Amino acid sequence: ASTESINKGSSQILVSFGDNNSAKSMSSDTTAAESDNKENDMEMNVLYGNDDTLQGNKDDEKAAFLMSPNQNKQQEGPLQRLLLELDQRCSVKRLMRVWRPRFEFVVRLMLVATFLDDSLRTIIQFSDHTQQLAEQGCLNWLGSSKLVVFLAAIFLGIGLLVQSIGSICLVALFLPDVATAALISWTIVQPVLYGQLSNLELIAESLSLLGGLLSLRAQLVCSGTGSHTQLIGRLLLPAMYLYHTGPFLYSALTLDVTNGIFMYLSSLSEFVIYTLVFAGFLIGSALVALGLKSRIVALFLALANIVYVFHQHPFFRFVWLDSDGKWEYDMDNMSMPQVTLQQGISAFDFTPEQLYDLHKYYFFLGLSTSGALFLLALYGPGEIAVQKDEVLLPVVARAQD
């Protein structure tokens, strides 16, 4: 009897031990399943910003999780609905991972487009540029001696090396510290060297280009002072649009007063359009400088600037080959761009080739300015901003897992 009681006790102990093990196994399986579900939820509901992954608890607080269906419907916008429709067919997150490096490459290429174009033009027309720099640049006060021509050739050669090598290195991300510093230095020196300090349009576009180079340098090079460098770059970006507000304001205030009803309505509509464009440029520039909704504003300004550049300086439409294989220029539509001329020189003194080169120069300069604005839309306003955690794309929830 004692033996049977011992065996029964042992079997009960073994059964109890087996139940405990099974309970622990079920508990661990449940915990693992819950952990997998949480990871899947976090991966599905992360908000697309500058980073594609969450980093610790700090980034968990910034991540936007799925809302309830009713709340999600109420807060959906046109962009949100478009991305949700796109996300049903393919993973937007995967697309961002694949295309973001390519987009960064294109933006860097746009940023240095004016330097590459200027380098190529300098190589082809080195003697003409040397003569122009000696006669119309900051060296003309030395006279017309051979020393001035020699110095002009030296400065032009240095500029050629800085622009060509610096641009290639920046596009390839090779020595970005040296490349950005060289291009920033040339951007500052070039208006002074060519005697264009009174050319406000060139100065404004150079400041915007300088802001883009500083923003890119803050992302690639600067670590401790990156936020301050990015702040300076963001403040310089809207310089071009602040310049363009002047002509629109002047046009709105100097419209002719007329007694005819049709002329009055035409003048009134022009006044409204000029005023709206002026207000749009002013508000957009202020938002970019403050870092408030700056990414989406910079994106729209960059696209608008591309449209303006293609309309104002379409150099590819001003030249063609005739039947004899010679270049012909469209002098009827190729107007003189706004540029500061030396005293005694008028727009009629320019040859068709020189006018064509001016339009091509301003085209690529505007393209580089759009690239600088795309950099702000890509990387964000930085730490020193009113809305430093601004996100360009809204929350995208996968419709089907």
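Given the structure is predicted, the values throughout are model-derived calculations rather than measurements. (Residues numbered from 1 in each chain as written. Predicted model: local features only at pLDDT ≥ 70, side-chain atom pairs only at ≥ 80, totals over all residues. Heavy atoms only, no water.)

### Description of the overall build of the protein
Check the secondary structure of the protein and you find 15 helices and two strands. For the protein, contacts bridging at least 24 residues in sequence account for 70% of all contacts bridging at least 6. Accessible area for the protein stands at about 23,400 Å²; split by element, carbon and sulfur atoms hold 62% of it. (Helix = DSSP H or I, 4+ residues; strand = E, 2+ residues; numbered from the N terminus. Contact = heavy atoms within 4.5 Å. Areas by Shrake-Rupley, 256 points an atom, 1.4 Å probe, with all protein chains shown as cover.)

### What to know about the packing of helix α9 (residues 176-193) against helix α10 (residues 200-220)
One can describe the packing of α9 onto α10 by two numbers: an axis separation of 10 Å at closest approach and a directional angle of 165 degrees. Taken as axis vectors, α9 and α10 run roughly antiparallel relative to one another. Regarding α9 and α10, the two cross each other, and that crossing is left-handed. Every residue of α10 that contacts α9 at Pro-176, Asp-177, Thr-180, Ala-181, Leu-183, Ile-184, Thr-187, Ile-188 and Pro-191 is listed here: Ile-203, Ser-206, Leu-209, Leu-210, Leu-213, Leu-214, Arg-217 and Leu-220. Of the residues contributing to the contact of α9 with α10, the split by class is 12 nonpolar, three polar and two charged. (Axes fitted to C-alpha atoms, helices over the stretch in contact; angles between N-to-C directions. Parallel < 35°, antiparallel > 145°, perpendicular 65-115°, else oblique. Left-handed = near helix turned anticlockwise from the far one by under 90°. Nonpolar A, V, L, I, M, F, W, Y, C, P; charged D, E, K, R; others polar.)

### Considerations on a nonpolar patch on the surface
A cluster of nonpolar side chains, contributed by Phe-105, Val-106, Leu-109, Leu-116 and Ile-168, occupies part of the molecular surface with about 410 Å² of accessible area. Considering every element that reaches the nonpolar patch, the biggest residue donor is helix α5 (residues 92-111), with three residues. Looking at where Leu-116 falls in the secondary structure, it is placed in helix α6 (residues 113-124). A relative accessible area of 32% means that Leu-116 is categorised as partly exposed. (Patch = residues over 30% accessible without salt bridge, like charges linked within 9 Å, V, L, I, M, F, W, Y side chains within 5 Å. Salt bridge = Lys/Arg side-chain N within 4 Å of Asp/Glu carboxyl O. Buried < 20%, exposed > 50% of the residue type's maximum accessible area, 1.4 Å probe, protein only.)

### Focus: the packing of α6 against helix α8 (residues 146-171)
Running from N to C, α6 and α8 point in directions that differ by 135 degrees, and their axes come no closer than 9 Å. Our classification of the angle between α6 and α8 gives oblique. For the crossing formed where α6 meets α8, the hand is left-handed. Residues Thr-114, Phe-115, Leu-116, Asp-118, Ser-119, Thr-122 and Ile-123 of α6 form the contact with α8, whose participating residues are Leu-156, Leu-160, Gln-163, Ser-164 and Ser-167.

### Quick look at the environment of Ala-113
Its location among the elements puts Ala-113 in helix α6. A residue is classified by how much of its surface remains accessible, and Ala-113, at 11% relative accessible area, is buried. Each C-alpha atom, one on Ala-113 and one on Phe-363, is 9.6 Å from the other, the two residues being 250 residues apart in sequence. With sequence-adjacent residues up to four places away left out, Ala-113 is seen in contact with Phe-364, Leu-367 and Ser-368.

### A look at the side chain of Ser-370
Secondary-structure assignment places Ser-370 in helix α15 (residues 352-379). Residue classification places Ser-370 among the buried residues on the basis of a relative accessible area of 0%. Residues contacting Ser-370, with those up to four places away along its chain left out, are Met-110, Ala-302, Asn-305 and Ile-306.

### Brief notes about the side chain of Ser-167
Tracing the sequence through the fold places Ser-167 in helix α8. In terms of polar contacts, Ser-167 uses its side chain to reach the backbone carbonyl oxygen of Gln-163, at 2.5 Å. Not counting the four nearest positions on each side in its chain, Ser-167 is found in contact with Val-112, Phe-115, Leu-116, Val-162 and Leu-183. (Polar contact = N/O pair within 3.5 Å; in protein donor to acceptor, adjacent residues only side chain to side chain.)

### Concerning α10
An α-helix turns once every 3.6 residues. As a result, residues three or four positions apart point the same way. The terminal C-alpha atoms of α10, which comprises 21 residues, lie 30 Å apart, in line with the 30 Å expected from a rise of 1.5 Å per residue. Here α10 lies mainly inside the structure; 16 of its 21 residues are buried. (Expected span 1.5 Å × (residues − 1).)

### Focus: the confidence of the model for the protein
Looking at the protein, the pLDDT average stands at 74 and 65% of residues meet or exceed 70. Note on residues 38-75: pLDDT is under 50 here. Beyond four places in sequence and across chains, it has 44 contacts. (pLDDT = per-residue confidence, 0-100.)

### Re empty space enclosed by the protein
Rolled over the atoms, a probe with the dimensions of a water molecule shows which regions are left empty. As enumerated under the stated definition, the model contains two cavities of 30 Å³ or more in all. The volume enclosed by the largest cavity comes to roughly 50 Å³. Taken together, Ser-215, Leu-216, Gln-219, Gln-230, Arg-234, Leu-375, Leu-376, Tyr-379, Gly-380 and Pro-381 make up the lining of the largest cavity. At the level of elements, α10, α11 (226-236) and α15 are the ones that each hand at least two residues to the lining of the largest cavity. When its residues are assigned to classes, the lining of the largest cavity shows five nonpolar, four polar and one charged. Taken as a whole, the second largest cavity spans an internal volume of roughly 30 Å³. Taken together, Asp-118, Thr-122, Leu-156, Gly-159, Leu-160, Gln-163, Trp-186 and Tyr-194 make up the full set of residues lining the second largest cavity. Secondary structure elements with two or more residues in the lining of the second largest cavity: α6 and α8. Broken down by element, the lining of the second largest cavity gets its largest block of residues, four residues, from α8. Here the residues of the lining of the second largest cavity are counted per class, giving four nonpolar, three polar and one charged. (1 Å grid on protein atoms, 1.4 Å probe; cavity = no way out; pocket = protein on both sides within 12 Å on 5 of 7 lines; lining within 4 Å. Points joined across faces, edges and corners; volume = space filled by probe spheres on them.)

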